[in-house]
Amino acid sequence: MMTDLYIERSDKETEEFIAEESSAFLEASISYLKEHKNEFIYFETSELTALGVDSLSIEVDDVFATYDVMLGLKLAKKQSSAIRTFLDQELNGNDIKYDLMFDQGDGLWNVNFTLDYVSGFRAEMTLANALRLIIDFLTRLVKFVKE
């Protein structure tokens, strides 16, 4: 997997740091988050940085019990319609699929999307497979927007 991966678990309400994890943690099932609904998992890696991802975390939505991916993405504000077009085409779900807001101060798109609606998602996948799925999805998004 990734050699420069940083993983940390934090409390959703207080954002208080719980623990830093080794890459071995990625072998856990993504359902870890359903068993620890009060936590979110934060990831950093050069692979994400190269895509323009400022930060990335995953948590379980308290209402829908879906896996939510939250990130900051360095793309121009004018690329709004291309980002929305990609998300509308690629996410397969009936509920709210994504939330997209441009932060003028940071010059970043705050992107939240439902991982369950990404093609290839499986409820029994490992965190490693989920992270790979997210990175592949974001790679396609960035490529789509820049074309």
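Everything below is about the structure printed above this text.
## Description of helix α3 (residues 80–90)
Reasoning step 1: Buried within α3 we find Ser80, Ile83, Phe86 and Leu87. For α3, the arc enclosing every buried residue in end-on projection is 135 degrees, short of the 170-degree limit, so these residues lie on one face. Turned more than 90 degrees off the buried face of α3, the exposed positions are Ser81 and Gln89.
Reasoning step 2: In this structure, the buried residues of α3 make contact with β6 (98–103), β7 (108–114) and α4 (127–146).

## Let's talk about the layout of surface pockets
Reasoning step 1: In this structure, the largest pocket occupies an estimated 300 Å³ of space.
Reasoning step 2: Forming the boundary of the largest pocket are 16 residues, of which Glu15, Ser55, Ser57, Met70 and Leu71 lie nearest the centre.
Reasoning step 3: Looking at the lining of the largest pocket, the elements with two or more residues in it are β3 (39–44), β4 (53–60), β5 (67–73) and β7.
Reasoning step 4: In terms of residue class, the lining of the largest pocket is built from six nonpolar, five polar and five charged.
Reasoning step 5: In this structure, the second largest pocket occupies an estimated 180 Å³ of space.
Reasoning step 6: Lining the second largest pocket are 14 residues, with Asp61, Asp68, Ile96, Asn112 and Thr114 positioned closest to its centre.
Reasoning step 7: Those elements that place two or more of their residues in the lining of the second largest pocket are β5, β6 and β7.
Reasoning step 8: If you tally residues by element for the lining of the second largest pocket, the top one is β7, at three residues.

Rules used throughout
- Residues numbered from 1 in each chain as written.
- Predicted model: local features only at pLDDT ≥ 70, side-chain atom pairs only at ≥ 80, totals over all residues.
- Heavy atoms only, no water.
- Buried < 20%, exposed > 50% of the residue type's maximum accessible area, 1.4 Å probe, protein only.
- Helix = DSSP H or I, 4+ residues; strand = E, 2+ residues; numbered from the N terminus.
- Arc of directions from axis to C-beta.
- Contact = heavy atoms within 4.5 Å.
- 1 Å grid on protein atoms, 1.4 Å probe; cavity = no way out; pocket = protein on both sides within 12 Å on 5 of 7 lines; lining within 4 Å.
- Points joined across faces, edges and corners; volume = space filled by probe spheres on them.
- Nonpolar A, V, L, I, M, F, W, Y, C, P; charged D, E, K, R; others polar.

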